[in-house]
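Each chain is listed here by its residues.
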Amino acid sequence: MAEQAAAARRFIHGRHRTLVTPEGVDLQLNLADAGQRLGAFLLDLMIMAGALVLVTIAALLLIAAIGAQGMEIGGIVWLLGFFLLRNFYFIVMEMSPRAATFGKRAVGLRVVARSGDRLTADRVIARNLMREIEFYLPLSFLAFNAAEDTGGAWTALAGFLWTLIFLLFPLFNKDRLRIGDLLAGTWVVQVPRRRLSVDSLNAAGPGPHHAFTEAQLDVYGIYELQTLEQVLRDDNPEAIASVAATIRNKIGAPDEGWDRDFLVAYYDAMRARMERGLLFGKRREDKFDRG
Amino acid sequence: MNALPSDTRRFRAEREAEWRRLEHIVAVAEKGSVKALSDEDLLALPVLYRGALSSLSVARETSLDLELITYLEGLCTRAYFFVYGVRTTAGRRIRTFLARDWPDAVRGLWRETLAALLLTLTGVLAGYALVTSDPAWYDALMPEGMAQGRDFRASREALLSTLYGGTGQEGLSFFATYLFTHNSQLSMLCFALGFAFGVPTAMLLVYNGTTLGAILALFAARGLGLEMGGWLFIHGTTEFFAIILSGAAGIRIGWSVVFPDDGESRLDSAARAGRSAALVMGGVVAMLLTAGLLEGFGRQLVTSDLARYAIGAAMLALWLTYFYRPRPAR
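Residues numbered from 1 in each chain as written. Chains lettered and ligands numbered in written order. Predicted model: local features only at pLDDT ≥ 70, side-chain atom pairs only at ≥ 80, totals over all residues.

*Asks:* Go over the overall build of chain A, please, and point to the residues and values.
*Replies:* Scanning chain A for helices and strands turns up twelve helices and four strands. A buried classification covers 27% of the 291 residues belonging to chain A. (Helix = DSSP H or I, 4+ residues; strand = E, 2+ residues; numbered from the N terminus. Buried ≥ 20, exposed ≤ 12 C-beta atoms within 10 Å, placed from the backbone.)

Structure follows, in structure tokens:
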């Protein structure tokens, strides 16, 4: 358990990247993980595919409406639509103030220059033109192979390996960089939109009065306190019951029911004590921290 | 011991209204409508932003409310990118790109451009020499789709008609669109493949040259060299210039990965090269659009050899002066 918790925290800490504002405050950006990147990309692919279907329908409607002469206009609409979608969807979206495609917005990501400078057009173009070899080239290669059925096993394997190298590239560096990110000097960070909910985690009703001794409040550290906060905000009865049982067991408190109220009272008391400790320079990271 | 409302709760209650106002301003701005913000909001923005930053610093030191800290981090990050982001209009950005950034980037690539030009010329010479020595090479070098019946089995008259007959009025703009998208895709591939140490880019450039050499050899063999030259020259100066530039961009990337500058990490070197090369590419697409229009419309409408050569030469002179004319230092 101890190692697991420590590893989890190291993992989270390992994704922190410093970005110091001119005012001297470190914003501590969190890098997007591979799953978020993949999710955003798949969303974008679906959006592009949907847009392509719309373009195709528009082209067909044009042809149907104008007849033979519409052939040419319809063809141009389709060719240009396909070209613009394929090459400029990512570029235009990432040059907007939010520096993110629809997929990245949905997942809560944005593109940032690694140096902390502002994200300029050249970086956006560089990182997205590399999709040409990362994604489109293997894709068209595989499609060509499948259609012609001439490639044979070896070329298919080579194409597959090529795709795999670029696909897995972000997993083999600690900054989760694509080849495009590497070349553009960018990385993708999390900027989730967070709500600020009501501050006080209120007790539900007039439960028994809870009082804790100092020894009981000193069992846990900040990590456990904030995990408890998560549990209370998620407000899942089963989780609350099991957490309450665990804590009661650990601090030797009697089970008087009112699990949530017990936890809220314990959280409040523990937080008040720890925040007072912070003012005196005492910071206990977790329950294993004996400093 | 009672759980008293701690100081950090008061801290939060006192400032929450300001945070929410900042959140609202940033949300409006992120939708891309800075104009929708009132003057009041715009004036308040820097103050609110600095206030949120100091709240974040205080909260990190004194509060253990995880939700509060992550909220403030998110809010400050979004506000930071807006406050220190670019707020120039698209029009002005395009103007500086055309007036400064693009020609500067192209000039910075002059060595690579020369190398790409030499590679293309090598391809042209090789293609020409091979096909002249043995016409059988032609079919090997020329992809079926590109030849469109222009091969050694065709008569002189048939070849001549491909130079001036065109495809007629109909289908002109479709043809232009097709050429534009096809060439743009090729040039982007040229750029991206540069990452593999520039080798595939060089191969693409040579290959592009060989097809040109092969088709020149075919028409020269039928005594149509001059006419073929005009047919190619009208758009070719722009098109080949653009493809050579994209090849140069690819070579720059490959070179920077293999030979980073002294005291610079491979990663930084690649990132610097990638950015300047990408600037070049932004303009290359515009050049290819011009070339597509010249090829699709200009060539079909202008059938005089002299006029074709004149237009091609004028375009080349235009590009050369635009990129390489001396400019006052910045």
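Continuing now.
*Asks:* Any chance you could break down the environment of Glu14 of chain B for me, citing the residues and the numbers?
*Replies:* All names here are of chain B. Within the fold, Glu14 resides in helix H1 (residues 7-30). Its 10 C-beta neighbours within 10 Å are what place Glu14 among the exposed residues. For Glu14 and Met228, which are 214 residues apart along the polypeptide, the C-alpha to C-alpha distance reads 79 Å.

*Asks:* Before we move on, can you summarise the pairing of strand S3 (residues 109-113) of chain A with the specific residues and values?
*Replies:* Remember that side chains alternate between the two faces of the sheet whenever the strand is regular. Residues and elements named next belong to chain A. Most of S3 sits out of view: four of its five residues are buried. Bridge count for S3 against strand S4 (residues 186-190) is five bridges, and the pairing is antiparallel. The residue of S4 that forms the bridge with Val112 is Trp187. (Pairing = 2+ DSSP bridges.)

*Asks:* Which residues make up the domain arrangement of chain A, and what values do they have?
*Replies:* Structurally, chain A comprises domain 1 (15-190) and domain 2 (196-291). Look at where the C-alpha atoms of domain 1 of chain A and domain 2 of chain A centre, and you get two points 45 Å apart. (Domains from an automatic or database assignment.)

*Asks:* Tell me about the sheet that holds strand S2 (residues 29-31) of chain A, residues and numbers included.
*Replies:* Residue and element names in this part refer to chain A. Spatially, S1-S2-S4-S3 is the arrangement adopted by the four strands of the open sheet, whose pairing is antiparallel. Each edge of the sheet is formed by a strand with only one pairing partner; in this case those strands are strand S1 (16-17) and S3. In this sheet, S2 lies alongside S1 in antiparallel orientation, the contact comprising two bridges. Its bridge partner lying in S2, Arg17 is registered against Leu29.

*Asks:* Help me get a handle on the confidence of the model for chain A, residues and values and all.
*Replies:* The pLDDT averaged across chain A works out to 81; a share of 88% of its residues lies at or above 70. Taken element by element, chain A is modelled with least confidence in helix H1 (residues 2-14) of chain A, mean pLDDT 56, and with most confidence in helix H4 (residues 102-107) of chain A, mean pLDDT 92. (pLDDT = per-residue confidence, 0-100.)

*Asks:* Outline the interface of chain B and chain A, listing residues and values.
*Replies:* With 56 residues of chain B at the interface, the matching set in chain A holds 55 residues. Those elements that place two or more of their residues in the side of chain B that touches chain A are H1, helix H2 (39-62), helix H3 (66-83), helix H9 (172-193) and helix H12 (266-301) of chain B. (Contact = placed C-beta atoms within 7 Å.)

*Asks:* Quick one: what's the story with the domain arrangement of chain B, residue by residue and with numbers?
*Replies:* Considered domain by domain, chain B is made up of domain 1 (7-87) and domain 2 (91-324). Between domain 1 of chain B and domain 2 of chain B, the C-alpha centre-to-centre distance is 51 Å.

*Asks:* Can you lay out H3 of chain B for me, pointing to particular residues and giving the numbers?
*Replies:* Taking 1.5 Å per residue as the helical rise, H3 of chain B with its 18 residues ought to reach 26 Å, and the 25 Å between its terminal C-alpha atoms agrees with that figure. Taken together, the buried positions of H3 of chain B are Leu68, Tyr71, Leu72, Glu73, Gly74, Leu75, Cys76, Thr77, Arg78, Ala79, Tyr80 and Phe81 of chain B. (Expected span 1.5 Å × (residues − 1).)

*Asks:* Kindly report on the environment of Ala241 of chain A, identifying the contributing residues and their values.
*Replies:* Examined against the element boundaries, Ala241 of chain A turns out to sit in helix H11 (residues 237-251). Between the C-alpha atom of Ala241 of chain A and that of Val111 of chain A, which follows or precedes it by 130 residues, the distance is 41 Å.

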